[in-house]
Amino acid sequence: MAAKLKAARTLPPGPDRCAIIEQIGTFRIELAAIAAKRKLLQSAKLQLATLIRANGPSSGGEAGAI
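A few points on the structure. (Residues numbered from 1 in each chain as written. Predicted model: local features only at pLDDT ≥ 70, side-chain atom pairs only at ≥ 80, totals over all residues. Heavy atoms only, no water.)

Topic: the overall build of the protein chain
Within the protein chain one finds two helices and zero strands. Looking at the 66 residues of the protein chain, the share that counts as buried comes to 6%. For the protein chain, the computed accessible surface area is about 5,900 Å², with 65% contributed by carbon and sulfur atoms. (Helix = DSSP H or I, 4+ residues; strand = E, 2+ residues; numbered from the N terminus. Buried < 20%, exposed > 50% of the residue type's maximum accessible area, 1.4 Å probe, protein only. Areas by Shrake-Rupley, 256 points an atom, 1.4 Å probe, with all protein chains shown as cover.)

Some words on a nonpolar patch on the surface
Taken together, Phe27, Leu31 and Ile34 make up a surface patch of nonpolar side chains, about 270 Å² in accessible area. When you line up the elements, Ile34 lands in helix α2 (residues 15-54). (Patch = residues over 30% accessible without salt bridge, like charges linked within 9 Å, V, L, I, M, F, W, Y side chains within 5 Å. Salt bridge = Lys/Arg side-chain N within 4 Å of Asp/Glu carboxyl O.)

So this is what it looks like as structure tokens:
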């Protein structure tokens, strides 16, 4: 991606330059969405771990009963 940004800077103004800059913008949006999903998944993972610890076999729940 850095190569495309460098290429966009060296191209004269025109449709090719605009297309490359548009691709870079789209890529940044996709990266932001992935980062947000990752943060959400990490939060859910922490919540799940907390629930598992709270409701584990030591709490006398049915999870360990046969």
